[in-house]
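# Structural characterization, general
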Amino acid sequence: MPRKKDTLCTEFAFTLPRGLSDKEHRVHRHGVMRLATAKDEILVQQERKVQENPAYGVLVMLARVITRLGSFNSVSPDLLEGLLLHDIAYLREFYNRINQQGNVHIPTQCPHCNTQFSVELELAGES
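Reference entry: report on the structure contained in this document.

Criteria and cut-off values
Residues numbered from 1 in each chain as written. Predicted model: local features only at pLDDT ≥ 70, side-chain atom pairs only at ≥ 80, totals over all residues. Heavy atoms only, no water. Helix = DSSP H or I, 4+ residues; strand = E, 2+ residues; numbered from the N terminus. Buried < 20%, exposed > 50% of the residue type's maximum accessible area, 1.4 Å probe, protein only. Contact = heavy atoms within 4.5 Å. Areas by Shrake-Rupley, 256 points an atom, 1.4 Å probe, with all protein chains shown as cover. 1 Å grid on protein atoms, 1.4 Å probe; cavity = no way out; pocket = protein on both sides within 12 Å on 5 of 7 lines; lining within 4 Å. Points joined across faces, edges and corners; volume = space filled by probe spheres on them. Nonpolar A, V, L, I, M, F, W, Y, C, P; charged D, E, K, R; others polar. Polar contact = N/O pair within 3.5 Å; in protein donor to acceptor, adjacent residues only side chain to side chain. Axes fitted to C-alpha atoms, helices over the stretch in contact; angles between N-to-C directions. Left-handed = near helix turned anticlockwise from the far one by under 90°.

### Side note on the overall build of the protein chain
On a plain count of helices and strands, the protein chain comes out with 5 helices and 6 strands. Starting at the N terminus, the α and β elements of the protein chain follow one another as β-β-α-α-α-β-α-α-β-β-β. Looking at the protein chain as a whole, 31% of its 127 residues qualify as buried. The long-range fraction of contacts in the protein chain, counting pairs at least 24 apart against all pairs at least 6 apart in sequence, stands at 50%. Of the roughly 8600 Å² of accessible surface on the protein chain, a fraction of 51% belongs to carbon and sulfur atoms.

### Looking at the layout of surface pockets
There is about 190 Å³ of room inside the second largest pocket. Looking at the second largest pocket, the residues that line it are Glu41, Val44, Gln45, Gly57, Val58, Met61, Leu62, Arg92, Tyr95 and Asn96. Counting only elements with at least two residues in the lining of the second largest pocket, the list comes to helix 1 (38–46), helix 3 (57–65) and helix 5 (85–99). Residue contributions to the lining of the second largest pocket peak at 4 residues, all from helix 3. For the lining of the second largest pocket, the class distribution of residues is 5 nonpolar, 3 polar and 2 charged.

### Concerning helix 3
A large share of helix 3 lies buried, amounting to 7 of its 9 residues. Residues of helix 3 that are buried: Gly57, Leu59, Val60, Met61, Leu62, Ala63 and Val65.

### Overview of the side chain of Asp22
Looking at where Asp22 falls in the secondary structure, it is placed in the loop between strand 1 (11–21) and strand 2 (27–34). With a relative accessible area of 11%, Asp22 lands in the buried category. Within the structure, the side chain of Asp22 is placed 2.7 Å from the side chain of His28, a separation counted as a polar contact. Sequence-distant contacts of Asp22, that is, excluding residues within four places in its chain, are made with His28 and Phe72.

### A short note on the environment of Phe12
Within the element layout of this structure, Phe12 appears in strand 1. As for Phe12 and Ile98, which are separated by 86 residues in sequence, their C-alpha atoms are 7.9 Å apart.

### Looking at the packing of helix 3 against helix 5
Running from N to C, helix 3 and helix 5 point in directions that differ by 65°, and their axes come no closer than 11 Å. Helix 3 and helix 5 meet at a crossing whose hand is left-handed. Contacts between helix 3 and helix 5 involve Val58, Leu59, Met61, Leu62 and Val65 from the first element and Ile88, Leu91, Arg92 and Tyr95 from the second. Split by residue class, the contact of helix 3 with helix 5 holds 8 nonpolar, no polar and 1 charged.

Structure, rendered in structure tokens:
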């Protein structure tokens, strides 16, 4: 009897509470984040901007692990500088939860009516 192949899901879909507005005023909210590696941690610490300002490390790390944001297939720290702090906080929480195997529910808030609720993390490519 063939053995079932174990698979490790390393990518997770997310939806930003507010989103990133581009030059054409399109809002990019849906994205994909992969799990971080030890190499990611090492390379972030070697970045000149991070050495000059350790707080910048969050943007560098997020840029390394976000594989897609809206129609952007490449995400840089400079691009993420345009996010509102609410979205940065969401991404930090999302990053921590998927990388630390924590709770799969993230508290969020409706940008229209301010109702607070929690959403469950969904694996990219699964329903």
